Amino acid sequence: MSVVIPISISMDFYTEAAIQRVFEVLADVPRSVGHFPNVQRLVDLGANTYRWEMEKMGTQRYHFQVQYAAQYKANEAEKCVRWSPVSEGNGTFSGCWELRTEGKRTHVHFSNEGQLELPLPRLTKKIVQPFVRNKFHELFGVYIENLERTFTELSR
């Protein structure tokens with residue numbers, strides 16, 4: 001038995017860092033992922049494809065580890081980074097970073113859509129689904145905060 005949990009996250013923020021500097025951080029997948037909390041390991045699968053292996057989460061009785069792979073494509077002319085799922089692990093995610101200059105600031109848009117399939121009894125779905133969604137939103141919030149700190153340092 002398993003539980004499938006859809007996850008959708010979209011965030012926008014501004015930074016004083018120049019758009020090119022922001023793009024360089026986000027286009028460098030290992031550097032960008034280095035800002036994400038609870039990543040146990042990022043495995044380079046070649047061809048700009050990476051497998052994320054997260055630390056285990058859950059309770060003593062029900063726990064799981066998120067693992068998924070995605071292929072990344074950076075477009076410097078458009079100042080965007082897009083990723084699409086690769087069939088590996090228990091998650092599939094696609095999304096993008098999109099950048100644009102607004103005045104002297106850089107507008108950063110993040111979007112990530114996907115799902116996790118967890119080896120848990122279906123009866124746990126009503127409890128597990130909000131936990132997993134909240135945990136992902138929390139992790140992405142910390143990720144954005146960490147990136148914002150880096151971008152602030154780059155703007156000095």
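Just so we're clear, the structure is a prediction, and the values are computed from it rather than from any experiment. (Residues numbered from 1 in each chain as written. Predicted model: local features only at pLDDT ≥ 70, side-chain atom pairs only at ≥ 80, totals over all residues. Heavy atoms only, no water.)

Caption draft 1: Looking closely at the pairing of strand 6 (residues 67-75). In this structure, strand 3 (residues 49-54) lies alongside strand 6, joined through five bridges in antiparallel fashion. Note on strand 6: the bridge partner recorded for Glu 53 is Gln 67. Pairing analysis gives eight bridges linking strand 6 to strand 7 (residues 80-89), with the strands arranged antiparallel. Residue pairing in the sheet places Asn 75 in a bridge with Cys 80 of strand 7. Taking the residues that link successive antiparallel strands as the turn, the strand 6-strand 7 hairpin has four residues, and the phi of Lys 79 there is positive, at about 55°. (Pairing = 2+ DSSP bridges. Helix = DSSP H or I, 4+ residues; strand = E, 2+ residues; numbered from the N terminus.)

Caption draft 2: View of the pattern of salt bridges. The final tally for this structure, using the stated rule, is six salt bridges. Among the ionic pairs, Glu 88 bridges to Arg 51, the shortest N-O distance being 2.3 Å. Taken together, the positions of Glu 88 in strand 7 and Arg 51 in strand 3 put the pair 37 residues apart, joining distant regions of the chain. The partner of Glu 138 in a salt bridge is Lys 135, with the nearest N and O atoms 3.4 Å apart. A residue pair is termed a helical-turn pair when its members lie 3 or 4 positions apart in one helix, as Glu 138 and Lys 135 do in helix 3 (residues 125-154) at three residues. Here Glu 138 falls in the partly exposed class, since its relative accessible area comes to 46%. If you follow the salt bridges from partner to partner, you end up with Arg 41, Arg 51, Glu 53 and Glu 88 in one network. (Salt bridge = Lys/Arg side-chain N within 4 Å of Asp/Glu carboxyl O. Buried < 20%, exposed > 50% of the residue type's maximum accessible area, 1.4 Å probe, protein only.)

Caption draft 3: The arrangement of the sheet that holds strand 9 (residues 105-118) in detail. Taken together, the seven strands give an open sheet; going across it, the order is 1-9-8-7-6-3-2, and neighbouring strands pair in antiparallel fashion. The sheet is open, and its two edges are formed by strand 1 (3-15) and strand 2 (39-46), each paired on a single side. Averaged over all pairs of adjacent strands, the angle between their axes in this sheet comes to 20°, without regard to strand direction. When strand 1 meets strand 9, the two strands line up antiparallel, connected through 13 bridges. Among the inter-strand pairings, Asp 12 is bridged to a residue of strand 9, identified as His 109. Sitting on the sheet, helix 1 (residues 19-27) touches strand 1, strand 6, strand 7, strand 8 (91-102) and strand 9, and the angle it makes with strand 8 is about 170°. (Axes fitted to C-alpha atoms, helices over the stretch in contact; angles between N-to-C directions. Contact = heavy atoms within 4.5 Å.)

Caption draft 4: The arrangement of helix 1 in detail. If you check which residues of helix 1 are buried, you get Ile 19, Val 22, Phe 23, Val 25 and Leu 26. The arc that holds the buried residues of helix 1, viewed along the axis, is 160°, so those residues lie on one side. (Arc of directions from axis to C-beta.)

Caption draft 5: Structural view of the packing of aromatic side chains. Considering all chains together, one arrives at 16 aromatic pairs under this definition. An aromatic cluster of three or more residues is present, and its members are Phe 36, Tyr 50, Trp 52, Tyr 68, Tyr 72, Trp 83, Phe 93, Trp 97, Phe 110, Phe 136, Phe 140 and Tyr 143. It is Lys 79 that lies over the ring of Phe 23; its NZ or CZ is 5.6 Å from the centre. (Phe/Tyr/Trp six-rings, centres within 6.5 Å; stacked < 30°, edge-to-face > 60°. Lys NZ or Arg CZ within 6 Å of the ring centre and 35° of its normal.)

Caption draft 6: The environment of Ser 94, seen in detail. Topologically, Ser 94 is positioned in strand 8. When the C-alpha atoms of Ser 94 and Phe 13 are compared, they prove to be 20 Å apart, with 81 residues separating the residues in sequence. Dropping the residues within four chain positions of it, Ser 94 is found in contact with Trp 83, Ser 84, Pro 85, Ser 111, Asn 112 and Glu 113.

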